[in-house]
Amino acid sequence: MAFYLNCNTHFFFKFSLLFSLLSFSFSQSDVVEAPSPAADSCNGIFLSYAYSSGTKLKPTDPTHQPYRFESVLTVLNNGDEELKSWKVSVEFQNDEFLVSASNAVLADGTSLPANVGNGTVFAGFPMSDLKTAIETAGDLTQMQVQVKLLGTQFGVAAPDVPLPKNIQLANDVFICPKASMQGKNEMQVCCRKDPKFKANVTIDEEFLPRQSGDLTIMYDVTRTYDSNYWAQVTISNHNPLGRLDNWKLSFDWMRDEFIYTMKGAYPYVVDSSDCIFGTQGQHYRDLDFANVLNCERRPTIIDLPPTKANDTTLGLIPNCCRNGTILPPSMDPSKSSSVFQMQVFKMPPDLNRSELSPPENWKINGSLNPDYKCGPPVRVSPSQFPDPSGLPSNTTAVASWQVVCNITHPKGASPKCCVSFSSYYNDSVVPCRTCACGCPSNTARTCSTTAPAVLLPPEALLFPFENRTAMAQAWADLKHRTVPNPMPCGDNCGVSINWHVLTDYSRGWSARITIFNWDETAFPDWFAAVQMDEATRGFQKMYSFNGSALELNGVNNTIIMQGLPGLNYIVGETDGANPKKDPRVPGKQQTVVSFTKKNTPGINVAAGDGFPSKVFFNGEECALPSVLPTNNSNREGSTTILTIFLAVFVFIMLHQ
């Protein structure tokens, strides 16, 4: 009996010790660590970046050795106003590759893991707002957030410490000095409100104001239940030259949500296997997952075709079902937005009506469109919608978040369209630049990626690049020019635009614009735009396109153009009449534009004023030639240009 009691006593002692250790570990993970003593002297927003540990990783590489690093980024509100939607810029400098970050996401919408070697901005998630000590009686769990970072850095071995160049608060109203070192492993900075900054939000306002951008996405919760809710997503284009075709929208669910059903759009992949074999299937045991649309952590959403607009199951959503086309408001305001709805199921512990969390890391792109970089969703005042019953009243959303996306130009990204120049005073065409839209990936191709493009005869523009070699060489021989060996690579662009200065008189001048579609994708409702600093004020009219001058950022230097009704569709590239011997035929549109010199005295068309400084097609900026056609001071090109025009006209008529 004594032995039995001793065994039990020993067992209960071990169990109690284990339970105490587990309880201690759990409590330790939930407790917010105390801020650095240096925070006591900061009456603003205190930031610190502390390096915790690191180890050498495989493979061994003396020139680019990887190391694991663990760091903690701390954001503490010691000010007198709540810090809404905090953002912190960390200027990484050691080619860091970030694997995970607690309590934060990347503000540019990039999902982890991600390369952040050129620096990045963190945004708070799930706690995006930091309260003050005044309103919380000094509760650090509401005043402070600590972001634990885990990643890989290159080249910095012990005893050196891989710290960033600088850290600073990225919220507009604050200014931060250069971060100072605290010992060897930590850098700190105290950011204070800029007294010169006039904020448009006060501490009494519950939500941040809506922001402006090239593109905005509204995430409005319209109905909510304990286990699921309905959200309406509205994508609105605000840039006068921005556009999306066949848009694809993606985001990250952060709390194991999944999409049950949708109206107005559809997942690119319909798959419920992640739910069936995941925690969702264990919790929703009675739910028929055969009807679930998507369980991916990062789903991709696509628009529906117009034929589904009146479908009672998938459509009947205003501004839905346009094949993913969102036009700029300068073209058609009624087609500058896209809307869809989705039913989202939540997971524990979020099973109540008021626990709502939007997805993070939003990204949107299209085909032959600008690149967009999206910020984090920001809670804004609830949106209002017209009452669906038709009554003169508005229905208010339960909760609303706004995502702001702006056009960006990633370093090293290639354009998707290009421009060639020609003129009446020179019988050669300056073609698109070599590799204007990127070089071929196949290194076995015998072409030069660095040699300048070879001047062409005008008729060569009607043929695909691979069919131009013989014409280019014959033209060079005729003009007594040498050609490089190997010949330069092509432009590799899906769309090319030829700008031809057609005439130049004392009172005015004209140009001809020809758009070639070398891709198999058609362009409905296309538009193009040119920027001409010296000539736009003299714009008169276009003869085959709708054209108008457009003021951008207070400057009247842009002409926007689109096809006339019934002619605003550029078909894709097709086979020739005899595919065995005839080259492929591009889709094309052509017009002539006239200018007067009355409003532009001193304009010199031949010297360069007659050529655009920027050209856009469907919102994408096109690559321009590096040189202009030279003026050889003779007019024999007038006969040549007549021949060119007739050749293009005959070519178009034969391939209608």
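Everything here concerns the structure above.
Notes on the structure follow. (Residues numbered from 1 in each chain as written. Predicted model: local features only at pLDDT ≥ 70, side-chain atom pairs only at ≥ 80, totals over all residues. Heavy atoms only, no water.)

## Description of the side chain of Asn618
Filter applied, for reference: Put simply, DSSP marks the helices as runs of H or I at least four residues long and the strands as runs of E at least two long, and each gets a number from the N terminus on. Contacts described as polar in this section are N or O atom pairs within 3.5 Å, which, within protein, must combine one atom able to donate a hydrogen with one able to accept it, while residues neighboring in sequence count only if both atoms come from side chains. The contact definition used throughout considers only heavy atoms, calling two residues in contact when any of these lie within 4.5 Å.
Mapping Asn618 onto the fold places it in the loop between strand E37 (614-617) and strand E38 (620-621). A polar contact of 3.4 Å, which involves the side chain of Asn618, links it to the side chain of Arg243. With residues up to four places along the chain from it excluded, the contact list for Asn618 reads Leu241, Arg243, Asp245, Leu368, Asn369, Pro370, Phe523, Trp526 and Phe527.

## Points about empty space enclosed by the protein
Going by this rule: Cavities and pockets were defined on a 1 Å grid built from protein atoms only: a cavity is a group of points that admits a 1.4 Å probe but offers it no way out, a pocket is an open group of points flanked by protein on both sides within 12 Å along at least five of seven lines, and a lining residue is one with an atom within 4 Å of any such point. Grid points are joined across faces, edges and corners, and a volume is the space filled by probe spheres set on the points. Residues are grouped as follows: nonpolar covers Ala, Val, Leu, Ile, Met, Phe, Trp, Tyr, Cys and Pro; charged covers Asp, Glu, Lys and Arg; every other residue, Gly included, is treated as polar.
As enumerated under the stated definition, the model contains four cavities of 30 Å³ or more in all. By volume, the second largest cavity amounts to about 80 Å³. Residue lining of the second largest cavity: Ser420, Pro431, Cys432, Leu461, Arg468, Asp491, Ser496, Ile497, Asn498 and Phe516, and that is the complete set. The biggest single contributor to the lining of the second largest cavity is strand E28 (residues 495-504), with three residues. Residue composition of the lining of the second largest cavity, grouped by class: five nonpolar, three polar and two charged.

## Here we look at the pattern of salt bridges
Applicable threshold: Here, a salt bridge means any side-chain nitrogen of Lys or Arg that lies within 4 Å of a carboxyl oxygen of Asp or Glu. Working definition: with a 1.4 Å probe on protein chains only, accessible area under 20% of the residue-type maximum means buried, over 50% means exposed, and in between means partly exposed.
Applying the stated criterion to the full structure yields 15 salt bridges. In this structure, Arg68 engages Glu70 in a salt bridge whose closest nitrogen and oxygen atoms are separated by 2.9 Å. A salt bridge links Asp525 to Lys335; the shortest N-O distance between them is 4.0 Å. Pair noted here: Asp525 is in the loop between strand E30 (523-524) and strand E31 (527-531) and Lys335 is in the loop between strand E18 (300-303) and strand E19 (337-345), with a separation of 190 residues, a long-range link. For Asp525, a relative accessible area of 22% translates into the label partly exposed. The class of Lys335 is partly exposed, set by a relative accessible area of 32%.

## Some details on unusual backbone geometry
In this structure, the amide linkage connecting Leu112 to the following residue, Pro113, adopts the cis form with an omega of 0 degrees. One can find Pro113 in the loop between strand E5 (104-106) and strand E6 (114-115). Of the consecutive residues Phe125 and Pro126, the connecting peptide bond is found in the cis state with omega at 5 degrees. Looking at the element boundaries, Pro126 is found in the loop between strand E7 (120-124) and helix H2 (133-136). The phi dihedral of Cys321 falls on the positive side, at around 60 degrees, and the residue is not glycine. Positionally, Cys321 belongs in the loop between E18 and E19. In this structure, Asp525 is a non-glycine residue whose phi angle is positive, near 50 degrees.

## Brief notes about the state of the cysteines
To keep it simple, the criterion reads: The rule for a disulfide is simple: a pair of cysteine sulfur atoms within 2.5 Å.
A complete count under the given rule lists nine disulfides for this structure. The disulfide bridge from Cys275 ends at Cys295, spanning 1.9 Å between sulfur atoms. Here the S-S torsion is close to -105 degrees, and the disulfide linking Cys275 with Cys295 is therefore left-handed. One end of the pair, Cys275, is in helix H4 (residues 273-276); the other, Cys295, is in the loop between helix H5 (279-283) and E18, with 20 residues separating them in the sequence. Comparing Cys275 with Cys295 shows no difference in burial state: the two are buried. For Cys447, the disulfide goes to Cys489, at an S-S distance of 2.0 Å.

## Some remarks on the sheet that holds strand E20 (residues 360-365)
Rules: The rule for pairing is simple: two strands pair if DSSP sees at least two bridges between them. Axis definition: a line fitted to C-alpha atoms, over the contacting stretch in the case of helices. Angles run 0 to 180 degrees between N-to-C directions.
On the basis of which strands lie adjacent, the open sheet formed by four strands has the order E17-E18-E15-E20 and antiparallel pairing. Edge positions in the sheet fall to strand E17 (265-267) and E20, since each has one partner strand and no second. Each adjacent strand pair in this sheet contributes to an overall mean axis angle of 25 degrees, direction not counted. Taken together, the three bridges between strand E15 (residues 248-252) and E18 define a ladder with antiparallel strand orientation.

Purely geometric stuff here, so don't read any function into it on its own.
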